[in-house]
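A closer look at the structure
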Amino acid sequence: MLHTWFLSKIQDDFRGGKITVEKAHRLLEKLDIRCSYIHVKHIFKDNDRQKQGRITIEEFRSIYRIIAHREEIVEIFNAYSENRKILFENNLIQFLVQEQYVFEMSKTIASEIIQKYEPIEEVKKVHQMSFEGFTRYMDSSECLLFKPEYKRVYQDMTQPLSDYFISTSHNTYLISDQLLGPSDLWGYVSALVKGCRCLEIDCWDGSQDEPVVYHGYTLTSKLLFKTVIQSIQKYAFLTSEYPVVLSLENHCSPHQQEVMADILQNILGDSLLCDMLDDFQDTLPSPEALKFKILVKNKKIGTLKETRERKGTDKHGKYDSVSKDSQEKESDSKRSLAIIFFKKKKVRKVKISLALSDLVIYTKAEKFRNFQHARLHQQFNENNSIGESRARKLSKLKVSEFIFHTRKFITRIYPKAMRTDSSNFNPQEFWNIGCQMVALNFQTPGLPMDLHNGKFLDNGGSGYILKPQFLRDIKSQFNPHIASDSDPTTLTIRIISGIQLPLSNSSTNQADTLVIIEVFGVPNDQMKQQTRVIKKNAFSPRWNETFTFIIQVPELALIRFVVVGNQGLIAGNEFLGQYTIPLLCMNKGYRRVPLFSRMGENLEPASLFVYVWYVR
C-alpha cells in the first residue's frame, strides 16, 4: 500500500525521464516533506549514480527515505506499532499519553491527528496511521517545544502596569552604532513588529519649527519627529493590543515642545492617553484598561489633579521650569560621550511646555535619588531610569530595597554610555529583581537579545509578562542571590538528534557539530552543559545524550539551546543557530526545537529533536 501510494504521488513527475535537483526539491515539498535545498543538493549528489545531475525514480525514492524516514522516528513508531507498519488509534493514544503528556486525551484528538497528517487515504479511512503520517505529525508545529497555549495572551492582564515585565527598546531610532550610524524609521517599525511596548525618542530642536529625532552631540543622522510618530501610529498595535509607552528624551525648546504636543495629539488622536482613567487613583492602571493606548513618558509640571483642572484650556505659550534634578541622568551620560565637544553653561532649570507636560499621565520621568527618598516621596505615576552600572551596584548592595522599589514603581534600566558600539548587557540580572523596563539595543544581535526574544515569546508575544508572585507580593522576602527552593524543579533534557542543521559552508554538509544547553535565571541556576562533537554530519547527527538541571527558581529561568560547528582547537566553535525559551513554556515529551540565526531569522527546517521532562 505504501509503495503504491508513493508511486501514485511521484510517477507523473518522471514521465519525461530523469529529474534535476531543483525538481527533486519541489517534489519533496509537494509530498509535505520540509527540507533545506542545500542539504537536498548534497544528498542528491550522493545518490546521482551517473553523476549527470539527473536522477531516476528509484534514486529519488532513496533520497526520500534518507530525508523522511529518520531512524529516531522509526524507533519511536516501532515501539508503539504492533506490527511495525501501522499505528491503531489506541496505539496513538498510548503514545500521546505516555510520551507527549497529553492528559486530556480522547479518541477524538487521536482521530483529528490521523485526519490531519495521514497522507494515505486507505489508512486514514480505517482510523489508522502509517509511518508516513506519524513522521509528518512529529515534524509538525504540534510537536514544537513551545506550549501552544502560551502563544496567546493567557495571563491576568488586570494588575497594575508595575506588575509586568515590559519589552523595552533603547535608542530605538538607531539601527547601527551610537555615534556615526544612521537613524531610521525601521528601528521603530521592526521593534513594534517584534512586540516591543516601550520605545525611546530623543527629541531636539530642528529647522523650520520641526523637532527632530537623533542621538544628540553625535554624527548620527536625523529623522523628523512627525514621521516617527506617524510610523508608530501605523504599527503600534499590529502585534500587540496592549499599551505602548513613548519614552521621550526631550532636549527641545518650550516652543518646539508645543509643536511636539500638537503632533502627538493630531497624529495619535484617541489612541493618545491625555487624562486619568479614574478620578481617585493611587495605583497604576492595568494593561487591560490601557488597551490600544499610547502613553507619553516625559518630565511633568505639577500633579495629575492640576492637569485635569487645566483640561480644555489654551496652553500655548505657557511653560514652567523643573529642576534639572528631575531630568533623567541618561542624557548626561550620552553627552559625556559626545564626539563634538562645546562648552555650555550649567543649566539648573529646564523649561517644560505645559502642553507637552499635560500629555504625561501615568509615566512621569523622575530622577532616581535613592530608595529611601523614593519610599517617602515618589508618587505612583513616577518612573525612574537607572543606568546599568549604578543598577548593578544597587542590585548587589541593596537588593531587598531594590525589589521593594520595583514592586511599586516602574523602573527602566538602560545601557551604559560606553557602549558606543550598541552592545547590550545581560537583561536577566535586572529581571531577577523585578525591573519592568530593561532597555536593550534591538538592532544588535547576540545573547542579550536572544534572552529578550525568548522571554517575550511568553503570553502571546504581547510584550507584557506578569512578574512572578514573589516579585509582586509586598510580604515576599525573595532575594535572587540566595534563592533556594525547598522543592526545586528537576529538568531533564535528552538531546536526541539534529535535523538538517544550518551550514556555514554550503560546499559540504560534513560539518562537526555539538549542542550547548545554557540556563539563565537567578545566579544559583546559571549553568551550561554540552554534548560531544559529532563528526562530519550536519544533516542528521545523533547524540542521544541526557542532561539534568536542578532549577531553584523556575519562574525566572530561560533555557537556551545553541548549535555550534566545531572547527578544532585553534578556530574554536562557530555559532550555527539557537533557540531560547522560558522553562515553564516548555512542552514535555518528544519535541522539536526550531533554530534561529544570529540575526533572529527562523532557520526552518533546521531544528533539534529532544525529549523533555520536568516536575513542578
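For clarity, every value in this text was computed on a predicted model and none was experimentally measured.

What follows is about the confidence of the model for the chain. For the chain, the average pLDDT comes to 92, and 94% of its residues sit at 70 or higher. Predicted confidence is poor over residues 335-345, with pLDDT under 50, and the contacts of this stretch with residues over four places away or in other chains come to 18 contacts.

Before going further, it helps to spend a moment on the packing of aromatic side chains. For the coordinates displayed, the defined rule picks out 25 aromatic pairs. Directly above the aromatic system of Tyr101 lies the positively charged group of Lys588, at a separation of 5.7 Å from the ring centroid. Sitting above the plane of the Tyr614 ring, Lys588 keeps its charged end 5.1 Å from the centroid.

Looking now at the pairing of strand S17 (residues 513-520). Successive side chains on a regular strand alternate, one facing one side of the sheet and the next facing the other. Burial of S17 is extensive: 8 of the 8 residues sit out of reach of the surface. Burial along S17 is two-sided: Thr513, Val515, Ile517 and Val519 and Leu514, Ile516, Glu518 and Phe520, pointing in opposite directions, are all buried. For S17 and strand S20 (residues 558-566), the ladder comprises 8 bridges, and the chain directions are antiparallel. Of the residues in S20, the one forming a bridge with Phe520 is Leu558. The pairing of S17 with strand S18 (residues 527-530) spans 4 bridges and is antiparallel. Among the inter-strand pairings, Glu518 is bridged to a residue of S18, identified as Lys528.

Moving on: the side chain of Ser140. Relative to the helices and strands, Ser140 resides in the loop between helix H9 (131-138) and strand S3 (164-169). Filtering out sequence-adjacent residues up to four positions away, Ser140 remains in contact with Tyr117 and Arg592.

In this section: helix H4 (residues 57-68). Over its 12 residues, H4 extends 16 Å from the first C-alpha to the last, a length consistent with the 16 Å expected when each residue adds 1.5 Å. Residues of H4 that are buried: Glu59, Phe60, Ile63, Tyr64, Ile67 and Ala68. Projected onto a plane normal to the axis of H4, the buried residues spread over an arc of 150° and lie on a single side. If you follow the buried residues of H4, they end up packed against helix H1 (2-10), helix H2 (21-30), helix H3 (37-47) and H9.

Taken as a whole, this structure holds 35 salt bridges when the rule is applied. A salt bridge links Lys291 to Glu288, with the nearest nitrogen and oxygen atoms 3.2 Å apart. On the basis of relative accessible area, Lys291 is assigned to the partly exposed category, the value being 26%. Between Glu309 and Lys305 there is a salt bridge whose closest N-O contact spans 3.2 Å. In this pair, Glu309 and Lys305 are both assigned in helix H13 (residues 304-309), 4 residues apart and thus about one turn of the helix distant. Comparing Glu309 with Lys305, the two get one shared label, exposed. A single network of salt bridges, built from pairs that share partners, joins Arg70, Glu71, Glu72, Glu75 and Arg542.

Glancing now at unusual backbone geometry. The omega angle of the peptide bond from Glu604 to Pro605 is 5°, so this bond is cis rather than trans. Mapped onto the elements, Pro605 comes out in strand S23 (residues 602-615). For Arg84, which is not glycine, the phi dihedral falls at a positive 65°. Not every positive phi belongs to a glycine, and Asn544 is a case in point at roughly 50°. Within the element layout of this structure, Asn544 appears in strand S19 (residues 542-551).

This part covers the side chain of Asp525. By secondary structure assignment, the location of Asp525 is in the loop between S17 and S18. What makes Asp525 buried here is its relative accessible area of 0%. Those residues within four positions of Asp525 in sequence are excluded, and the remaining contacts are Val519, Ile550, Ile551, Gln552 and Val553.

This paragraph deals with helix H11 (residues 225-235). Buried within H11 are the following residues: Phe225, Val228, Ile229, Ser231 and Ile232. Buried residues of H11, seen end-on, are gathered within an arc of 160° and therefore sit on one face of the element.

This brings us to the pairing of S3. Where burial is concerned, most of S3 is hidden: 6 out of the 6 residues are buried. Taking every second residue as pointing to the same face, both faces of S3 are buried, with Tyr164, Ile166 and Thr168 on one and Phe165, Ser167 and Ser169 on the other. Of the pairings in the sheet, the one linking S3 to strand S15 (residues 464-466) comprises 3 bridges and is antiparallel in character. Residue pairing across strands places Tyr164 opposite Leu466, the latter belonging to S15.

Here the focus is the environment of Lys535. Tracing the chain through its elements places Lys535 in the loop between S18 and S19. Each residue touching Lys535, except ones within four places of it in the same chain, is listed here: Ala511 and Asp512.

Here we take up the packing of H3 against H4. When two helices pack together, their arrangement is given by the angle between the helix axes and by the axis-to-axis distance. One way to put it is that H3 packs onto H4 with a least axis distance of 10 Å and a crossing angle of 135°. Accordingly, the angle class assigned to the pair H3 and H4 is oblique. Note on packing geometry: the crossing formed by H3 with H4 is right-handed. For the pair formed by H3 and H4, the contact residues are Val40, Ile43, Phe44 and Asn47 on the first element and Glu59, Ser62, Ile63, Ile66 and Ile67 on the second. Across the contact of H3 with H4, the residue classes break down as 6 nonpolar, 2 polar and 1 charged.

Ile201, Phe225, Ile232, Leu246 and Leu264 are the most contacted members of the largest nonpolar core, which totals 64 residues. Looking at this core, the element that brings in the most residues is helix H12 (residues 254-268), giving 6 residues. Beyond its immediate stretch of four places on either side in the chain, Leu246 contacts Leu199, Ile201, Ile229, Ile232, Leu264, Leu268, Ile294, Leu295, Val296 and Lys297. Ranked by size, the runner-up nonpolar core spans 35 residues in total, among them Val519, Leu576, Tyr579 and Val610.

This next bit is on the state of the cysteines. Scanning the model with the defined rule gives 0 disulfides in all. With no disulfide of its own, Cys252 has Cys203 as its nearest cysteine by sulfur position, at a separation of 5.5 Å. Judged by relative accessible area, Cys252 falls into the buried class, the value being 7%. The cysteine Cys585 is free of any disulfide, with Cys143 supplying the nearest cysteine sulfur at 18 Å. By relative accessible area, Cys585 is classed as buried at 1%.

Conventions used here
- Along each chain, residue indices are assigned from 1 in the same order as the chain's sequence is written.
- Local features in this predicted model are restricted to residues of pLDDT 70 or higher, and side-chain atom pairs are both shown and tallied only at a pLDDT of 80 or more, whereas totals for entire chains, interfaces and linings draw on every residue.
- Neither water nor hydrogens contribute to the side-chain values; these are computed over all heavy atoms in the structure.
- pLDDT expresses how confident the predictor is about each individual residue, on a scale running from 0 to 100.
- We call two residues in contact whenever any of their non-hydrogen atoms come within 4.5 Å of each other.
- Two aromatic rings from Phe, Tyr or Trp, using only the six-membered ring of Trp, form a pair when their centres are within 6.5 Å; if the ring planes differ by under 30 degrees the pair is stacked, by over 60 it is edge-to-face, and anything between is tilted.
- Cation placement over rings: the criterion is NZ of Lys or CZ of Arg within 6 Å of the ring centroid and within 35° of the ring normal.
- Summary of the burial criterion: residues with accessible area below 20% of their type's maximum are buried, those above 50% are exposed, and those between are partly exposed, where the area comes from a 1.4 Å probe applied to protein chains only.
- In this description a helix means any DSSP run of H or I spanning at least four residues, a strand means any run of E spanning at least two, and both kinds are numbered starting from the N terminus.
- One bridge is not enough; two strands pair if DSSP finds at least two bridges between them.
- By definition here, a helix of n residues has an expected span of 1.5 Å times n minus one.
- Here, the arc refers to the directions that run from the helix axis to the C-beta atoms.
- Should a side-chain nitrogen of Lys or Arg be within 4 Å of a carboxyl oxygen of Asp or Glu, the pair is scored as a salt bridge.
- Axis angles are defined between N-to-C directions and span 0 to 180 degrees, where every axis is a line fitted to C-alpha atoms and, for a helix, only to the segment in contact.
- Put simply, angles under 35 degrees are roughly parallel, angles over 145 are roughly antiparallel, angles from 65 to 115 are roughly perpendicular, and the rest are oblique.
- The crossing is said to be left-handed when, going from far helix to near helix, the turn is anticlockwise and less than a right angle, and right-handed when the turn is clockwise.
- Under the convention adopted here, Pro, Cys and the residues Ala, Val, Leu, Ile, Met, Phe, Trp and Tyr are nonpolar, Asp, Glu, Lys and Arg are charged, and Gly plus all remaining residues are polar.
- We define a nonpolar core as any set of buried Ala, Val, Leu, Ile, Met, Phe, Trp, Tyr and Cys residues linked to one another through side-chain atoms lying within 4.5 Å.
- Cysteine sulfur atoms are paired as a disulfide whenever they fall within 2.5 Å.

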